[in-house]
Structures are given as structure tokens and as C-alpha cells.
Amino acid sequence: MPLFDLPLDDLRRYAPAVPEPADFDAFWQDTLHASAATPVLIDVRPEPTDLRLVDSWDVTFAGFAGEPVRAWYTRPSGVDGPLPVVVEYVGYGRGRGLPHERLTWPVAGYAHLLMDARGQSGLYGLGDTPDPHGATPGGPTPVTRGILAPEGYYYRRLVTDAVRAVHAARALPGADPARTVAAGNSQGGGLALAVAGLVPDLAALVTSAPFLCHVQRAIEITDAGPYGDIVTYLAVHREAEAAVRRTLSYVDGVSFARRAQAPAHFGIGLRDTVCPPSTGFAAYNQYGAATGGPAPQRSMHVYPFNGHEHGDATHVRRQLRWLADLFSGAVDGPGAPKLPETSVGTG
């Protein structure tokens with residue numbers, strides 16, 4: 001039983017009608033088309049790390065409006081041939097840090113692109129990508145920056161960066177474009193989910209405790225940040241509620257999830273007050289619903305006694321095994337045993 005949200009049996013069936021603007025698809029088509037005019041790779045240079053078993057590069061790619069976004073590209077040393085590439089997005093308040101901070105994916109044998117989060121450096125980790133649009137009307141924190149209109153909202157820019165990171169990863173040496181994975185936790189999980197809805201040929205989605213899902217409910221049931229920053233903003237700007245809710249409807253992870261087609265692996269802690277479990281389940285239960293084809297393969301792991309950390313290292317091991325099975329054909333591969341379409345584990 002969660003501390004404040006719905007019981008697990010209700011969560012398994014929770015598929016609310018999340019408000020979606022009529023021009024949602026056109027909005028994102030136009031947004032991505034405008035940025036696509038700029039070649040994606042700006043600069044790629046080797047980065048010395050003092051690590052002998054991996055090689056790293058400092059990557060700059062063109063994100064929203066062609067603006068430079070930094071990333072670390074790391075892959076195992078001495079491995080020939082193209083590798084599956086995991087594009088990872090960081091949590092709220094984090095930057096890309098240093099190249100040796102996140103080595104799980106490259107030491108597991110993947111190429112790995114870790115995207116910086118524009119304008120978020122310094123809260124939990126350092127970053128190198130400014131957000132030139134910081135003066136856009138709205139609140140002082142990233143989640144409230146530009147929140148009065150979808151065109152100027154911070155997450156319009158960050159989601160575009162995330163999509164462009166996939167294109168950048170596919171253009172990097174030693175990456176297999178056909179085996180590109182979007183991955184992340186919390187804010188990173190929300191960005192990965194958005195990418196799954198906007199990039200139709202993504203190979204896989206790995207997301208946990210996803211942020212920005214069923215946002216209208218989230219700001220009503222939790223005061224924990226970052227949703228609490230929106231609550232605080234509305235507590236002062238009382239007349240802005242309608243505009244804020246409209247803006248948030250353009251970045252809701254449930255809408256992106258409904259359009260996604262890639263096999264997906266989810267993880268949620270039932271005691272999560274940062275990203276309430278009902279919001280993640282709302283996305284999971286409607287994953288692929290708008291594609292018009294067979295439901296994508298998906299799995300969910302639930303951790304009843306955990307909060308925003310969900311399954312932590314145990315869950316990472318599950319992600320590694322799931323993705324290895326997927327690429328070996330053991331998960332919905334030709335002639336391979338089929339997994340249940342919606343399996344919910346409680347480990």
C-alpha cells in the first residue's frame with residue numbers, strides 16, 4: 001500500500017483521460033522541424049579520463065534552435081564494430097558532470113551518450129550548457145521557466161534537445177543507429193519517455209520514476225519538488241492557473257507514451273512523493289495506445305517499500321538484463337519466447 005497514492009490494484013488499471021491539446025502533434029512536428037535545419041554534430045573531441053578500459057569524447061551537438069548542447073560519449077576500449085548506443089538523460093538539477101561519473105552502460109558493453117541539461121548546472125551536479133532563454137516570463141526554476149506559454153516553456157527546449165541527442169548519437173563513430181535506446185530516471189525518465197513518443201524508430205525505452213507524467217494530477221497531490229515549484233508559483237500567481245495547465249498539457253508524458261512504439265522497461269517506487277506512482281502508471285498503462293498497431297512489449301517493476309529511489313541498484317541490474325535479452329532476441333525476438341504484454345513485478 002502506498003503512503004499517499006492509489007493502491008497497487010488500482011494503479012494497474014489506472015488509465016485516466018489526460019487533457020491533450022488538439023494541436024499537440026502539430027506543435028511538436030513544427031518544433032522539431034525548426035531545429036532539424038541545423039546539422040546535428042558541432043564538435044567531437046577525445047577527452048582524457050585516466051580510465052584504461054573506456055574511451056570518452058566531449059561532444060557538442062545542435063539542440064533546440066541549433067543552440068549548442070554538451071554531452072559525454074563513452075564506449076568500451078578496444079571493441080571494434082558498431083555497438084548499441086544508450087542515450088541517457090539526467091535528473092532535475094543535474095548536469096552531465098565528469099565523464100567517469102556514469103560508467104554502467106559503457107562497462108556493460110554499450111556506447112553511451114550522456115546529455116547535459118541546459119541551464120540546470122549546480123544543484124546536484126555540474127553542467128556546461130547554458131539556457132539562453134532564461135529571461136522568458138515565468139518562475140525562477142527550470143520547471144517554471146516560461147511556463148505561461150508552451151512556445152516559451154523550458155521543457156519545449158529540453159525535450160527538443162533530447163530528441164536531437166538521439167540524432168547526434170546515431171551520427172557518432174562506433175554507434176549502431178538501428179539499436180538506439182533512450183534511458184533515464186526522474187526528469188531523465190520523463191525525457192526518455194518523450195523521446196519514445198517523438199522518435200518512431202527508437203529501439204528501446206528504459207525509464208524509471210518518470211517526471212512530467214499526468215502533471216495535472218501531480219501538482220494536486222504532491223508538494224515535493226520539482227512539482228512543488230509549480231505549486232509555489234501558482235500560490236503567488238493565482239491568475240495564471242489556466243495558462244500554466246495549458247502549457248503543461250504540451251509536455252505531458254502520458255501523451256508521449258500513447259504515441260510510443262519501442263519496447264519499454266519501467267520502474268516505480270510506490271512510496272514516491274516526488275513523482276507519484278499514479279502518474280507513472282498513467283503513462284505505462286496507455287503506452288502505445290495511440291499507435292494503431294499491436295501494443296508494444298512493455299514491463300513494469302514495482303517497489304512497494306521504496307520512494308523516488310525505486311529499486312536502485314537492483315533495478316539497474318534488471319534494466320541491464322532486460323536490454324541484453326532484447327538485443328539477443330530473448331524479448332519478443334523472432335522465434336523467442338514472448339513475455340507477458342504487461343508484467344508487474346514486486347521486487
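The coordinates are above.
A. Layout of the overall build of the protein. Broken down by element type, the protein carries 11 helices and 10 strands. Compactness check: the protein gives a C-alpha radius of gyration of 19 Å against a globular reference of 20 Å for 347 residues, within 12% of the reference. Based on the C-alpha atoms only, the size of the protein along its principal axes is roughly 60 × 45 × 35 Å. Burial status across the protein gives 57% buried among its 347 residues. Of the contacts made within the protein by residues no fewer than 6 positions apart, 73% connect residues no fewer than 24 positions apart. Of the roughly 13,800 Å² that the protein leaves accessible, carbon and sulfur atoms contribute 54%. The averaged location of the 35 negative side-chain charges in the protein is 3 Å from the averaged location of its 28 positive side-chain charges.

B. Here's a closer look at the packing of helix H7 (residues 227-236) against helix H8 (residues 241-249). Remark: H7 packs on H8, axes separated minimally by 10 Å, with the N-to-C direction vectors making an angle of 155°. The angle between H7 and H8 falls in the class roughly antiparallel. Contacts between H7 and H8 involve Ile230, Tyr233 and Leu234 on the former and, on the latter, Glu241, Val244 and Leu248. Taken together, the residues that form the contact of H7 with H8 break down as five nonpolar, no polar and one charged.

C. Representation of the environment of valine 85 within the structure. Considering the arrangement of structural elements, one finds valine 85 in strand S4 (residues 83-89). Residues valine 85 and alanine 117, spaced 32 residues apart in sequence, show a C-alpha to C-alpha distance of 19 Å. What valine 85 contacts, discounting residues up to four positions off in sequence, is Ala111, His112, Leu113, Ala169, Ala175, Asp176, Arg179, Thr180 and Val181.

D. Spatial organisation of the packing of aromatic side chains. By the definition in use, this model includes 15 aromatic pairs. When the centroid spacing of 4.7 Å and the interplanar angle of 50° are considered together, the rings of phenylalanine 211 and tyrosine 227 count as tilted. Here the residue phenylalanine 211 occupies a position in the loop between strand S7 (204-208) and helix H6 (215-221), and tyrosine 227 occupies one in helix H7, the gap between them amounting to 16 residues. For the pair shown, phenylalanine 211 and tyrosine 227 are each scored as buried. Taken together, the aromatic side chains of Tyr92, Tyr153, Tyr154, Tyr155, Phe211 and Tyr227 make up a single cluster linked through ring pairs. Its end group placed over the ring of tryptophan 72, arginine 96 keeps NZ or CZ at 3.6 Å from the ring centre.

E. Spotlight on H8. Among the residues making up H8, those that are buried are Val244, Thr247, Leu248 and Ser249. Elements that come into contact with the buried residues of H8 comprise helix H2 (24-36), H6 and H7.

F. Layout of the pattern of salt bridges. Under the criterion given, the structure shown has 19 salt bridges. Among the ionic pairs, arginine 259 bridges to aspartate 25, the shortest N-O distance being 2.6 Å. With arginine 259 in helix H9 (residues 253-259) and aspartate 25 in helix H2, this residue pair connects regions lying 234 residues apart in the sequence. What makes aspartate 25 partly exposed here is its relative accessible area of 42%. One salt-bridge network, in which partners are shared between bridges, spans Glu67, Arg118, Asp131, Arg145, Arg157 and Asp161.

Conventions used here
- Residues numbered from 1 in each chain as written.
- Predicted model: local features only at pLDDT ≥ 70, side-chain atom pairs only at ≥ 80, totals over all residues.
- Heavy atoms only, no water.
- Helix = DSSP H or I, 4+ residues; strand = E, 2+ residues; numbered from the N terminus.
- Rg over C-alpha atoms; globule rule 2.2 N^0.38 Å.
- Buried < 20%, exposed > 50% of the residue type's maximum accessible area, 1.4 Å probe, protein only.
- Contact = heavy atoms within 4.5 Å.
- Areas by Shrake-Rupley, 256 points an atom, 1.4 Å probe, with all protein chains shown as cover.
- Lys, Arg positive; Asp, Glu negative; His and termini not counted.
- Charge placed at Lys NZ, Arg CZ, Asp CG, Glu CD.
- Axes fitted to C-alpha atoms, helices over the stretch in contact; angles between N-to-C directions.
- Parallel < 35°, antiparallel > 145°, perpendicular 65-115°, else oblique.
- Nonpolar A, V, L, I, M, F, W, Y, C, P; charged D, E, K, R; others polar.
- Phe/Tyr/Trp six-rings, centres within 6.5 Å; stacked < 30°, edge-to-face > 60°.
- Lys NZ or Arg CZ within 6 Å of the ring centre and 35° of its normal.
- Salt bridge = Lys/Arg side-chain N within 4 Å of Asp/Glu carboxyl O.

No statement about biological role is implied by the geometric values presented.
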